[in-house]
Structures are given as C-alpha cells and as structure tokens.
Amino acid sequence: MNFASDNAGPAHPRVMEALARAGEGYAMPYGNDPVTADAVGAIRDLFEAPEAEVAFVGTGTAANALALSCLVRPFETVYCSSMAHIEEDECNAPEFFTGGAKMTLLHAPDGLIDPAAFAAALAATRDRGVHGAQAGALSITQITERGTAYSLAEIGRLADMARDAGIPVHLDGARFANACAALGCTAAEMTWKAGVDAVSFGGTKNGCLGVEAVVMFRPEHGRELALRRKRSGHLWSKQRYLSAQMSAYVEDGLWLEMAGAANAACARLAEAVRAVPSGRLAHAPAGNMIYADLPRAAHRRAMAAGAQYYIYPSDTPLDGPDDTPIRCRLVCDWSKPLSEIERIAAAWEGRKA
Ligand SMILES: *Cc1c(COP(=O)(O)O)cnc(C)c1O
C-alpha cells in the first residue's frame, strides 16, 4: 500500500523490453544513434512540432533547470507559484543553472497561479527598473503541485500575459501525461497551441525507468540547449538507453494509457477519502495525486496496516486525539491495483478488508 509517490512505482515492462532491445550490440554515442533519432522524431510527432528541439535527461530537476537556463539570464527572474517544484524541491538547481536568476513567487490558490498576482508581480518588476530583477520567464506546473490542473483556457490566459510582457513560458510537466489524460487534450494543445515555449515532459513518474524530455518550440534555443546539457554533465554517452525508454513510452499511446490508469485509481482513492467520516479533499483532484485531511485515528490504522504515504507536517505524531484532522498526500501510479485502494479504504474506516 505505497501511496507516497508515483515514482515509488515500477517501470512498465514495455519500457524495460525497449531498454533490452537498445542494448543489443554497438551504437554511436552521445545521441548519434538510430534509437535516439527515432525517439526525437516520436516526440516531435507527439507535439506536432517538427522543428522542436528535444533533449533527453535523467531527472525532472535537470529538465526544468536546463530549460529555464536557456530562457532566462542571470539578472532576470522566473515567475512561478509559491509551491512550485522549481522553488521548493530542486535545491536551487534553477538558480544554479541560470547563473543566478531568481524566483518571484506568486499566490497560487490550490496550486494554480492567480493571474492577478502575476499581473501585479510584472508591474512591480517594471517599477523597480534597473534596481530589481528583470522579467525572465513564467513557469507553470501541470498537473500542479497540489494535484489540480489548469484548463487550456487558463494556460492560454497566463501565456498571453507573459507574451504581452515579452517573456517566454515554461511548463513543468512531471505529470504531463496525467494532465493530458484528464483534460482529454493533445500535447500540442496543452503547450505551444496555448502559448507555451518550453516543456519538461515527464516520463519517470509515469512508468519509465528514468527519462524526461526537454522540448523547446523555438529553434533559436536549440544550440544553447545542447551546449548547456553537455556543460552540466547531462549528455549521456549511452544516450540510446534514455531514448529507448522515451520511444516505448510514447509508442501506441502507452503514456496516455498509463496516465489514464493512474488517474482512475486516484479517482477511486478520492472516493475512499470522502467515505471516511470527516474525511475531505483539500483541493479539487484532477489527476493522480490528492491532498486530503483525515482524522488521526484513520492514519494510525492505515499505517499500522502497512500503508505508506506522507503526512504534513511530517513530524506530526500519530499518538494523540483521534479526531484531529491531519493533512496527507496520496499518489497513484499506472500500476496501482484497485485491491490496494480497497485495503487502505477499509483501514481508514476501521473495517475488515
Ligand atoms: C517529481 C517532480 C519533478 C522532477 O523531479 P526529479 O526528482 O528531479 O525527477 C519536477 N516537477 C514536479 C512538479 C515534480 O513533481
């Protein structure tokens, strides 16, 4: 009963089989191999962007930091939600890769950037003139860090504001597939058709072993992306092993199939939360991750039954008054069996599974 994260789950067998195939014999290094050419082609097809620059890296942090380093200069700032992964969970990698660009944190109810807060931050940047950080880029996350999703119209609106301010838009898509599956839209609709310039297209959390694609829709960024990837130590010499995962991931819609399964499991989990007396969801669930408040006794029973997930704050004692609501995060991946959800639901409610 591991609901800690989607990256606690396994890689899909088709991804592993593709890795084994990619390992047959010799191939030229540093991406000069047919497996990589195929994977880059597959990503360009998926995004309906034949000119896009595509680079495969091993972590989402590297993808975000590399993409941002191509978009902003050291004296600029990245506008992002106050709970953005690039702000809270990357140990200043974006600041490091950009050579010192800062983050300007925006009010983001339920993880969704408030356009008024973005407008106010842009105005404040202009007012400070040469003394303050300059406008650099907007970064949004989809699925957000609170498990919610922007509609395409909401992405378009934020991107329009960024365009009016003369700055590009980056999308952190660690859970990109879950968002596409939830919105029923294409990869192109959620990105360049809505005004997004660069994407971190996640694979690891949704059934890959470890691969993310940086996709940049403006060709002028291509050379810089290649150089920055090498400079930062993210150009794998055996690139074919990253590429093979990505090919298998997008082939025959596997990425959407897995995301759909994860989202469906999470929807069932959300029902289970609502079935617990005084259980409530903290934010409207959209994909494969929910935040919920459950009574302390429910957490105690679930943990005793072997469930694993994060509670907040993490040092909240499980001994104490039974009814106190305690916040938790629950995530489902593509492989989550419904039987595990039935078991955790029974434990929360204190009945036999
Ligand atoms: C998991 C995640 C990432 C990438 O994390 P890595 O551990 O570096 O692969 C990026 N953004 C968000 C929103 C995430 O949840």
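**Describing the packing of aromatic side chains**
Alright, step 1. A full pass over the atoms with the stated rule returns 10 aromatic pairs.
Alright, step 2. Residues Phe-201 and Trp-255 carry aromatic rings whose centres are separated by 5.7 Å and whose planes lie at 65° to one another, so their mutual orientation is edge-to-face. Linking Phe-201 in strand 6 (residues 198–202) with Trp-255 in helix 12 (residues 254–275), this pair joins segments that are 54 residues apart in sequence.
Alright, step 3. Residue Phe-201 is classed as buried on the basis of its relative accessible area, which comes to 0%.
Alright, step 4. For Trp-255, a relative accessible area of 5% puts it in the buried group.
Alright, step 5. Grouped by ring-pair contacts, the aromatic residues Phe-47, Phe-176, Phe-201, Phe-217, Tyr-249 and Trp-255 constitute a single cluster.
Alright, step 6. It is Arg-146 that lies over the ring of Tyr-291; its NZ or CZ is 5.2 Å from the centre.
Alright, step 7. Lys-336 extends its terminal NZ or CZ atom over the ring of Phe-3, reaching a point 4.4 Å from the ring centre.

**Some thoughts on the pattern of salt bridges**
Alright, step 1. Under the definition given, this model contains 15 salt bridges.
Alright, step 2. Across the pair Asp-164 and Arg-163 runs a salt bridge whose closest N-O atoms are separated by 3.8 Å. Neither residue differs from the other here; Asp-164 and Arg-163 are each classed as exposed.
Alright, step 3. Between Glu-271 and Arg-268 there is a salt bridge; the shortest N-O distance is 3.5 Å. Highlighted residues: Glu-271 and Arg-268, both in helix 12, separated by 3 residues, approximately one helical turn.
Alright, step 4. The partly exposed category is assigned to Glu-271, whose relative accessible area is 47%.

**Quick look at the environment of Pro-34**
Alright, step 1. With respect to the helices and strands, Pro-34 occurs in helix 2 (residues 34–46).
Alright, step 2. According to the relative accessible area criterion, Pro-34 is exposed, its value standing at 58%.
Alright, step 3. In the structure, Pro-34 is positioned 310 residues away from Ile-344 in sequence and 45 Å away in space, judged by C-alpha atoms.

Procedures and definitions
Residues numbered from 1 in each chain as written. Predicted model: local features only at pLDDT ≥ 70, side-chain atom pairs only at ≥ 80, totals over all residues. Heavy atoms only, no water. Phe/Tyr/Trp six-rings, centres within 6.5 Å; stacked < 30°, edge-to-face > 60°. Helix = DSSP H or I, 4+ residues; strand = E, 2+ residues; numbered from the N terminus. Buried < 20%, exposed > 50% of the residue type's maximum accessible area, 1.4 Å probe, protein only. Lys NZ or Arg CZ within 6 Å of the ring centre and 35° of its normal. Salt bridge = Lys/Arg side-chain N within 4 Å of Asp/Glu carboxyl O.

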